[in-house]
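# Reading the structure
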Amino acid sequence: MTQHTDLPSDLLPATVREFLVAHVARDADAASSFLVEDGVVIDQDETFRGREEVHTFLRDAGSEFEYTTEQIDARRVDDAHWVVTVRLEGTFPGGVAELDYRFALRDGLIAELVIANHPA
């Protein structure tokens with residue numbers, strides 16, 4: 001059985017914290033540097049493989065909208081898996097979204113990131 005532990009963001013692995021800081025700042029260069037070379041990002045059922053594709057995704061995702069990001073939850077699944085829930089508010093359709101960022105780490109870097117709607 002997987003045990004979920006809610007925790008403050010300062011207890012997240014540094015890689016996850018620093019990725020999120022760079023991602024929120026829309027710094028695709030910095031954000032993509034926290035992924036392994038063959039890293040995978042899945043967002044809205046679209047898959048991006050490798051640092052180059054992921055960098056392009058991070059650079060372009062949501063660039064047509066203005067929005068704010070607030071971390072509302074963080075939890076450890078196990079030593080290699082973490083989930084961070086963020087709330088976005090902005091000019092995109094619907095205006096508000098809560099998303100889970102599900103991180104899988106390998107060798108201290110992000111091997112996989114799945115971005116999905118937070119279950120209601």
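Here's what I pulled together on the structure shown here.

Conventions we followed
- Residues numbered from 1 in each chain as written.
- Predicted model: local features only at pLDDT ≥ 70, side-chain atom pairs only at ≥ 80, totals over all residues.
- Heavy atoms only, no water.
- Helix = DSSP H or I, 4+ residues; strand = E, 2+ residues; numbered from the N terminus.
- Contact = heavy atoms within 4.5 Å.
- Areas by Shrake-Rupley, 256 points an atom, 1.4 Å probe, with all protein chains shown as cover.
- Core = buried A, V, L, I, M, F, W, Y, C linked by side-chain atoms within 4.5 Å.
- Buried < 20%, exposed > 50% of the residue type's maximum accessible area, 1.4 Å probe, protein only.
- Pairing = 2+ DSSP bridges.
- Arc of directions from axis to C-beta.

Scanning the protein from N- to C-terminus turns up three helices and seven strands. Considering only C-alpha atoms, the protein reaches an extent of 40 × 30 × 25 Å along its principal axes. Counting only contacts in the protein whose residues sit at least 6 apart along the sequence, the fraction spanning at least 24 positions is 42%. Looking at the protein as shown, the accessible area adds up to about 6900 Å², and 49% of this sits on carbon and sulfur atoms.

Another point: the nonpolar core. Of all hydrophobic cores here, the largest spans 28 residues; its most connected members are Phe19, Val84, Tyr101, Phe103, Ile110 and Leu113. At the level of elements, helix H1 (14-24), helix H2 (28-32), strand E2 (35-43), helix H3 (50-60), strand E5 (81-90), strand E6 (96-106) and strand E7 (109-117) are the ones that each hand at least two residues to this core. It is E6 that contributes the most residues to this core, five residues altogether. In this structure, phenylalanine 19 is in contact with Ala31, Phe34, Leu35, Leu58, Phe103, Ile110 and Leu113, ignoring residues within four places of it in sequence.

Position of arginine 76 among the secondary structure elements: in strand E4 (residues 67-78). Residue classification places arginine 76 among the partly exposed positions, given a relative accessible area of 29%. A C-alpha to C-alpha distance of 15 Å links arginine 76 and arginine 106, two positions 30 residues apart in sequence.

If a strand is regular, its side chains alternate between the two faces of the sheet. Pairing of E5 with E6 involves nine bridges; the strand directions are antiparallel. Looking across to E6, one finds that valine 83 is bridged to arginine 102. Two elements, E6 and E7, share eight bridges in a ladder whose sense is antiparallel. Pairing of aspartate 100 across the sheet is with alanine 116, part of E7. Hairpin connection between E6 and E7: a loop of two residues separates the two successive antiparallel strands, and aspartate 107 in this loop has a positive phi of roughly 55°.

Now for H1. Residues of H1 that are buried include every one of Thr15, Val16, Phe19, Leu20, Ala22 and His23, and no others. When H1 is viewed along its axis, its buried side chains cluster within an angular range of 165° and face the same direction. Once H1 ends, the next one or two residues include arginine 26, with phi positive near 60°.

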